[in-house]
Structures are given as structure tokens and as C-alpha cells.
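Observations on the three-dimensional arrangement
One letter stands for each residue in the lines below.
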Amino acid sequence: MTERETGPALEMKNVSKRFPGTIAVDDVSFEVSPGEVHALVGENGAGKSTLMKVLAGSFDDYTGTIAVNGRVETLHSPTMAKKCGIGMIYQELSLARPISITENLLAGRLPRRGFLLDKKRAREQAQELLQHVGLDLNVDLPIEDISQHEAQLVEIAKVLGNKPSILVMDEPTSALSREEVDRLFAIIGNLKKQRIAIVYISHHLPEIFRIADRVTVMRDAKKIATKSITEVSREEIVQMMVGRSVKEFYKRSERSLGDVRLTVRGLTRLGFFHDVSFQARRGEIIGICGLSGAGRTELARVLVGLDKAEEGTIELDGKPVKGSSMAAFLEQGIAYLTEDRKIEGLCLRLAVDDNILSAIIDRLSSASVFSKSRGAPLVERLIGELAIYPPDPSRTVGNLSGGNQQKVLLAKWLASEPRVLILDEPTRGVDIGAKLTIHTSIEKLAREGCTVLLISSDLPELVGLCDRVIIMRKGHFTREMNYSECSEESLLLAANGEGSA
Amino acid sequence: MNADSRAVRSSSFSRIVNTAGVYGIALLFLVLGLLLQLTGAIGNFLSVQNMLNIVDAVALVGIVAVGMSFVTYSGHYADMSVPTTMGFTGYICIELLRYGFLPAILGALVVGLLIGLLNGFVIGKFKANPIIWTLAVNYVTLGIIRLVWVNKQIYPDLQGSGQAAVALFDSIYRLRFFHLIGLPLVILIILVVVGQFVLTRTSFGVKLKVTGSALRAAKFSGIDVERVILVSFVLAAFTATIAGLAVTSLSRVGAWYNGAGYDFKAVTAIVIGGMTLAGGRGSILGVLGGSLIIGILNNIMTLVGIGTFSQDMVRGAIFIIVVGINAVSLRSLGRDDA
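Residues numbered from 1 in each chain as written. Chains lettered and ligands numbered in written order. Predicted model: local features only at pLDDT ≥ 70, side-chain atom pairs only at ≥ 80, totals over all residues.

1. Comments concerning the overall build of chain A
Each helix and strand counted, chain A has 17 helices and 24 strands in total. Here chain A has a C-alpha radius of gyration of 24 Å; the compact-globule value for 501 residues is 23 Å, and the two agree. For chain A, the spread of C-alpha atoms along the three principal axes comes to 75 × 50 × 50 Å. Nonlocal contacts in chain A, meaning residues at least 24 apart in sequence, comprise 69% of its contacts between residues at least 6 apart. (Helix = DSSP H or I, 4+ residues; strand = E, 2+ residues; numbered from the N terminus. Rg over C-alpha atoms; globule rule 2.2 N^0.38 Å. Contact = placed C-beta atoms within 7 Å.)

2. Looking at the nonpolar core
Leu 454 of chain A together with Val 64 of chain B are the most contacted members of the largest nonpolar core, which has 177 residues in total. Take this core: its biggest share by element is 17 residues, from helix α10 (residues 225-251) of chain B. With residues near it in sequence (within four places) discarded, Leu 454 of chain A still touches Ile 285, Ile 286, Gly 287, Ile 288, Leu 423, Leu 462, Leu 465 and Cys 466 of chain A. Counting residues in each nonpolar core, the second largest holds 65 residues, with Val 32, Ala 46, Ala 122 and Tyr 200 of chain A among its members. (Core = buried A, V, L, I, M, F, W, Y, C linked by C-beta atoms within 7 Å. Buried ≥ 20, exposed ≤ 12 C-beta atoms within 10 Å, placed from the backbone.)

3. Points about helix α8 (residues 203-213) of chain B
Among the 11 residues in α8 of chain B, 11 count as buried, and that is most of the element. Turning to α8 of chain B, its buried residues number three or more, namely Ser 203, Phe 204, Gly 205, Val 206, Lys 207, Leu 208, Lys 209, Val 210, Thr 211, Gly 212 and Ser 213 of chain B. Next to the buried residues of α8 of chain B lie β19 (365-366) and β20 (369-370) of chain A together with α2 (48-73), α7 (183-201), α9 (215-220) and α10 of chain B.

4. Quick notes on the sheet that holds strand β14 (residues 273-281) of chain A
Taken in spatial order, the 4 strands of this open sheet run β14-β13-β16-β17 (chain A), and their pairing is antiparallel. Two strands lie at the open edges of the sheet, namely β14 and β17 (319-320) of chain A, each paired on one side alone. (Pairing = 2+ DSSP bridges.)

5. Here's the deal with unusual backbone geometry
All names here are of chain A. Residue Tyr 389 is joined to Pro 390 through a cis peptide bond whose omega torsion reads -5°. Note on placement: Pro 390 falls in the loop between α13 (372-385) and α14 (402-415). One non-glycine residue, Asn 14, adopts positive backbone phi at about 45°. Residue position: Asn 14 is located in strand β1 (residues 10-19). For Asn 14, a count of 11 C-beta atoms within 10 Å corresponds to the exposed category.

6. Side note on the pairing of strand β23 (residues 468-473) of chain A
Residue and element names in this part refer to chain A. Summarising the sheet, strand β15 (residues 285-289) and β23 pair through 4 bridges and their orientation is parallel. Bridge pairing links Cys 289 to Ile 471 in β23. Here β23 pairs with strand β24 (residues 476-482) via 6 bridges, running antiparallel. Directly across from Ile 471, in β24, lies its bridge partner Arg 479. Joining the antiparallel neighbours β23 and β24 is a turn of 2 residues, in which Lys 474 adopts a positive phi near 45°.

7. Brief notes about the domain arrangement of chain A
Residue and element names in this part refer to chain A. Domain boundaries in chain A define domain 1 (10-242) and domain 2 (260-495). Placing the centre of domain 1 and that of domain 2 at their C-alpha centroids yields a distance of 31 Å. Each side of the interface is counted separately: domain 1 has 15 residues, and domain 2 has 13 residues. In terms of residue count, the dominant contributor to the side of domain 1 that touches domain 2 is helix α8 (residues 234-242) (3 residues). Looking at the side of domain 1 that touches domain 2 residue by residue, the class counts come to 4 nonpolar, 8 polar and 3 charged. (Domains from an automatic or database assignment. Nonpolar A, V, L, I, M, F, W, Y, C, P; charged D, E, K, R; others polar.)

8. So, helix α11 (residues 262-272) of chain B
Burial analysis of α11 of chain B places 10 of its 11 residues in the buried class, which makes it a mostly covered element. Phi turns positive, to about 95°, at Gly 274 of chain B, one or two residues after α11 of chain B.

9. With respect to the environment of Ile 63 of chain B
All names here are of chain B. You can see Ile 63 is positioned in helix α2. Overall, Ile 63 belongs to the buried group, with 30 C-beta atoms counted inside 10 Å. Each C-alpha atom of the pair Ile 63 and Gln 37 lies 29 Å from the other, and the pair is 26 residues apart in sequence.

Printed below as a string of C-alpha cells:
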């Protein structure tokens, strides 16, 4: 592809980026060779996303030098970065939902014939791009009609269509199921053969050991080390990331289970899940495990009153749950931590305390007069308990790191003192420190008698926290495992429909 | 504890500075008027009568703006049905004056509230685009006025049974406490005080803030967002009705054009007052300052002899500049979600 085969494809030297009051990237040097997968890891807020934003041309005021294929470039705008052959694949998709796959893939360079679009050629080109990522879809479909993980692959195809020589992937697997991850890794293998340099950002260490050649660890805006993947262990990486050793991630404490709190019988939402029944006790943590598309989130939405079930009953402490709105369910003590933190979970423009108190406005009001000061001790306690950083209730949530945002979201539901708390991917994309804190408070909540339903794709999390795990597959409860039977392997096999059923 | 309270204080301090900034600008405009008078460009800007003119104009814009700011705060931009709500309720009031003063006022308020309920219900429940929907309501109401009153203005019946009521109605705009303070100003001050309290201290105000900041997050927090939106449109229609009655009392005529231009004047006052169109930010006190600026500016432009159409252009330009500055400063706050 390039005339230079020996030198690095990307060489960042002494790069720094300051924001008012903080330094987000502090004198970082980083290089990637052609055909190499270079993993970039670090807790949330360590500066890896900012470093990659520098590369993407998001800032015009970084310091240091960046050389692409041996030539020093000034990456002050996204256009410039694109011209230098830098492609970015973010967690958040950059696709326009109402328009077709073709138009998304070829945005800005749709083939023409005279003044008219050459639709036939566009379709062919789009199909060809999709083949690179192993997708076989009708390219006339709008993005909103395909699934989330298909859209993720379309996004990758779109970026590849610009023929990048350096490709940055930021948590590309967070929304993918296991088969899709395998497919993505096959694609990455192909890209390596084409001598494309790949920067791979992930929290998922096993993935890194599968595909990376080298790994660079960042912490507190600085680079800690770059190592060949063959010369480090998982524990060493974690230690470099957190700056301390996480000896035992999950320490189980004894909990006693109380009476039956939640009884679900024959719950059915046609097309999503069928005949779901289970009971949950006070103080119990029940995991719900399944691949994406298994119906877990859809089940949660019915359990919290967002959607209506066609059949079945939900009982809380022996009484049927009344009402049909989320507000009504919440009043009876059923709370839901959504997996979509930024849109459904938090008001990013409001302060930490506004967010934490937003689910208990009526409880803090008497005769319609709201008293924020009455909620202040609660906010202070939760900020302390969850180690929300910075510990400032008036800080705008949008300016916190992802992990701290997630803690604020959890704090909001802890403040509502729920009888049943349904957690949907509570630690997705969150750094290890925050994860530990979140797990500790989930356990504490259960010890205090709350019933917790934990929907998660993080297998160690399910194994470490849950008393029981229910396996969901294609809309059905297929199996239930006790704590003693649970292991990452057994859960994975069950979720995929393998192993003894 | 110490650091926390300091942070809280500094943020409320900056809020006060922002609001004070709006009043500072208002003061600058006053100084501008004074300078123009000193240079002889305009006569008697600083006269008592002219100051009263300004205050009266501010009162009308301010009354509309206070109610409409709840809509803006809820993240639904503006209520464009204000002009004909004002006009329509004026007709209703004059028609009902023959049955007495109170029935006339109440009748107008009921009609105004119905318009607000309709707006709030449709926009809250069916997520209609607020600008398009209220604009449509504005024109439908206009059509109704022209159909019912056959394209005529109507005048209070000075001969018939409702003379006393008409006299009372007449005095809405002309009543002056201590020969100075007009009733609309008193109403405005009450609305500002109550509005500021509702926005900052009541559970409705807090829910409105959450709703305006992130509608879906509010819904997922168990807030009845449809009701919150409904109430905010009802409040906008309520103050529009009050302003409509005041204007009708001023002109002594029910006319479709009585409320013309108040939609945009109010939105401009709201935006100048520091309430962002994105919702969830700003205060009623700021909106009062914005109304002051609009009132003084209009007055100066009229005194200088700038025509109505040119005034519209100036207001439009100011609106664009303020919204632009707002957008840029919000963007530069910079959010790093790393």
C-alpha cells in the first residue's frame, strides 16, 4: 500500500492536550506499525479517548508532533485527518438512521451519471463494501430497520470505504454478540494482511490478548508503558491500569434471603419473549444472561411498566402491580437502570445532585414545594458511598468521566430506595475502579433487602455477584443456574444453547 | 463540606452575575437613550411620560414572556399561538361584557386555557413539533375569528346594559396606582415573583427542569412528562390571555391583530434574558430583564423615527445574534465524555 514498509505508520511524539483546568493527555508518545494491532487500554478518563480525538483532528490546539507514514502532519480538523488516511470507528454510530445503507456508506461520494445519481452502481459499490465485513443485507434498507449489531458492522464498512491506512476502533465489540465478535476479529485479521495499522481501544482484556500485537497502557493522562502482548500478563495490565493490584475482584459476603418479593407468571410480549415465569426473594441478586437479541431488555421494559405484556402477571409482595406507567411502577418500588446512560439515564446538562434527586422529586416536596436541601444529606452520602469524583454535587454530569456518570445514574436509583431494582448492563464501558464500586453497592443494596435483577453481558460480573442466573435464549427462559454451578464457561455455553439443557 | 458549599455558592453567584448582566445591558440602553437625547437626536427620552410608556410596553411583553418561558424552559421553544390567543380572548371578553365584567374576564380566561390545554395535550401526548403545531393553531384561531365576526373588529357596547362592566374593563389598562403604576405592571411583578418561585422552588419547576434538559431521561425517572408539558403550555396561554385583555382594554376594540408581534417579542425577551432555546436553563428574573431591554429598545427606535418594519428587522437581528452567542458558548463549554 505504501512505499514505506519499515517505519511506523503512525508516530505520535510528546503529544499533550489541555482543557481548561485539566490536562487530558500529558506528553504521550505512541506508535503503530503497518499491519499491527496496537491495543490502547486505561480506565475511563485516563486520556485514551482524548488521545484518539487528537488523532481524529478534533482539536486545533494540541502540542507535540504526529507523523503519518513518516510525514509530519498537522491534524487540526477532521477533514485533514481523513485526508491523511486516518479512520475512526466509535462506540456511538455515525450513521443517519432514516436513510438507506447505500446512502450512508457512500455519503459524500455517491456515483453519478451526468447530473443524476447512478443508483445501480451505488448499490453495487455498497454491496461490495458490505462484503468486506461479511454482511449480506439489502442495501436499500434504512439503518433504522437493521439491528444494532448489523449497524455496527455497516459503520465499520463505511470507514473502510475511505481506504484508511490507520484505523482506530473505540470499543467496537461493546454491542456485539460472540459470533459477531468472531466475525469482527476475522475482519481485523484481513485488515492486518492489507498492512493497515490498527489502534484498538477496549476494556475487555481477553479480546486484547486474542488480537493485539502490542499494548499501551495509559493512566491519569500519561502513558505508563508499551509492551509486546507476549511479554505481559492480564494481571500486569490491570495493575498498570489501576495503579494498584486488584487481588480479588469479587469477594462474596454472606447474605440471607428473605420472603418472595417478585413473582412473574407466564409473562409474554409477542415477538420478544414468551411465557417467562420466575420468583425473586428479598435480598436476592438474580442474573439474566443471554446474547444480544435474546429479549432481556424487552423483558426489563415490561417489568418496569414501560411496555405492556400481552399475557402474564407481575406480583410484588403478593399483590399485583397496579397501573401501567413507569411512574406508577416506580411508586410501588420497581426501579430501572437503563443501559442507555446518555439519553435515557442522565440529564447530562444538569448537576450531579439534580440528577441524583430526579427520581424522588415528589418525595422531597411537601405541598408541591420542593426542598433541595432536604435531599442534600442523601446526595452527600451517595457521592461518598460511590466515590463519585469530583465529589462536588454542583458539577455538571456531562463533564464527568463515563465511570462517574454511571455511578451518578446508580446513585439516582439508590436514592429512590427501590424494593426491586433492575439493572441493565450497569458496568458496560466502565473502568475497573468504578466497576468495583458499583458491584460493592449492588451487594450492599441486596444485603439491605432489595431484590436485584442484573442483566449483563459481563460474565465474570454475573458469576461473581449473582445468587442465581437465569439463561435467556431467543425470548425464552431456557435454564437456571445456582451460584455454585455458575462459571464463565458454563454461562457462555448455556447462552449459546450448548451444554446440558 | 466546605468545598461543596463553596462550589454551590460560586454557581449561584455566576447565575446572579448572568441575570445582573441582562439588567446591565438594559441600563446601557437607558444610557444610550439619554445620550441620544443629549445630542438632540431624540426629544424627551427621560421624561416621566416616556418612562411610563416604556414601563407599560415592558409590562405587556413581560406578561406574555413570563408564561411563555415555561414552554421554552421545558425544551419546546415557544408558543406561536400567542398572537391570536390574545386577539381571540379579546373578542370573547368584549362579547361577554354585556353579561358583566366578571363573566367577561372568566370567559376569556376559559377560552385561553382551552387553547393552552389543546396545545399542551397534542404536543405532550403526540410529540407534535411545538413550533409547527402552535403556528397552525394560531392560523386556525385566526380563521375562526374572521369567520365568526365576519372579518370585523368589534367595540364594547357603550349604550346597553353592560355600561358599568365596560367602564371597569376600560380601566384595566388605565388604572394607575399613585397616578404612576399601571395595573399591567402590577400584574407583571406578581407573575414574575410567582413564576420565579414556581420555576425554582416547586416540584413542578424541578420536574420541568429535568424534562427540559433531557426529555427521555425525565420519562425514565418516572416523571409524568406529558403532564409537565401540558401545564407549561397552559401557563403560556394563561399569561397570553391576560396580556390580550390588557391590549384589548388599551385599544378599546376587539381585533384579530391585537396580539400581532407579541410571539416574537416574547421569544426575543426570553432568549435575551438568558433562557436557552434548548431548555432547562435560565430564570424568570432574567426574562424580566430581557423584556426590559426589548421595551427600551422599541421605545428608542420609535423616538428616533425608525419605522415598524425596520424595527422588526432590528429585533430579528438581535434574536439571531443572541441565539448565536448562546449556541457558541454552550458548545465551547466542551464536553469530554472520555
